[in-house]
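Observations on chain architecture
Letter by letter, the chains look like this.
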Amino acid sequence: MSVGADGVAEDWGSPEEPNLLEAPVHELPEALTMPKPGECLICYLWRMQDFGCRGHEFTDRYVELRAPGATGLRRRLAGMGAVCCECEVFLNAYHPIHRQRLEDQAEDEWEYRMAETPDMPTCPGVRRGSTQPCGLWTRS
Ligand SMILES: [Zn+2]
Ligand SMILES: [Zn+2]
């Protein structure tokens, strides 16, 4: 244990972790931000919520990598209430079919509960090019 000039122990605590919430999408580890094989858009966006609110960047990434024909996707999501960002997909458009919908909750409460939410089951998959959710999700 060394002690710095200011008297603060220098090797106390855990090593710094890269701040994934502030890193630009293209600097995030690709293994973490790639859609898994067959993974549906909504399961993918759910996983990406771990990286915080990023507008529609992950939707665009999914379209680019998995469904290049889905040019109207953003408009379709907006029509379901996901206008500003992907969090709204889970506030307004889809919720996990096996979980009670968290209605009438303040946004903070929702975010708190999302953090508390256990992992979703593995996505059963959709056909390539589809932007439909798999059977784990239902329309809100
Ligand atoms: Zn958001
Ligand atoms: Zn899925």
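To start, this report covers the structure provided alongside it. Only a predicted model underlies this, so the values are computations on that prediction, with no experimental measurement involved. (Residues numbered from 1 in each chain as written. Chains lettered and ligands numbered in written order. Predicted model: local features only at pLDDT ≥ 70, side-chain atom pairs only at ≥ 80, totals over all residues. Heavy atoms only, no water.)

Around the zinc ion (ligand 1), the protein supplies Cys53 (SG), Cys85 (SG) and Cys87 (SG) as donor atoms, at distances of 2.1 to 2.2 Å. In terms of primary sequence, the donors binding the zinc ion (ligand 1) are separated according to C-x31-C-x1-C. Across this residue pair, the class does not change: Cys85 and Cys87 are buried. (Donors = N, O, S within 2.8 Å, 3.2 Å for Na, K, Ca; no water. Buried < 20%, exposed > 50% of the residue type's maximum accessible area, 1.4 Å probe, protein only.)

Relative to the assigned elements, Leu20 resides in the segment before helix H1 (30–33). We classify Leu20 as partly exposed; its relative accessible area is 30%. Between the C-alpha atoms of Leu20 and Gly52, which are 32 residues apart in sequence, the distance is 8.5 Å. Non-local contacts of Leu20, meaning those with residues more than four positions away in its chain, are made with Leu28, Pro29, Leu32, Phe51 and Arg54. (Helix = DSSP H or I, 4+ residues; strand = E, 2+ residues; numbered from the N terminus. Contact = heavy atoms within 4.5 Å.)

Those donors, Cys40 (SG), Cys43 (SG), Cys123 (SG) and Cys134 (SG), are the protein atoms that reach the zinc ion (ligand 2), and they lie 2.2 to 2.3 Å from it. One can describe the donor arrangement at the zinc ion (ligand 2) as tetrahedral, given that its 4 donor atoms subtend angles of 107 to 111 degrees at the metal. On the primary sequence, the residues serving as donors to the zinc ion (ligand 2) are separated as C-x2-C-x79-C-x10-C. With a gap of 80 residues between them, Cys43 in helix H2 (residues 41–48) and Cys123 in the loop between helix H6 (107–116) and strand S2 (137–139) connect regions that are remote in the sequence. Judged by relative accessible area, which is 16%, Cys123 ranks as buried. (Tetrahedral: all angles 85-135°; square planar, octahedral: opposite > 155°, others 65-115°.)

Right, let's talk about the side chain of Glu86 for a bit. By the secondary structure assignment, Glu86 is in the loop between helix H4 (73–79) and helix H5 (87–93). Look at Glu86: it is buried, it has no salt bridge, and the nearest opposite charge is Arg74 at 7.1 Å. (Lys, Arg positive; Asp, Glu negative; His and termini not counted. Salt bridge = Lys/Arg side-chain N within 4 Å of Asp/Glu carboxyl O.)

Another aspect to go through is the environment of Glu88. In this structure, Glu88 sits in helix H5. A relative accessible area of 17% places Glu88 in the buried class. Counting along the chain gives 33 residues from Glu88 to Gly55, while the straight-line C-alpha distance between them is 9.6 Å.

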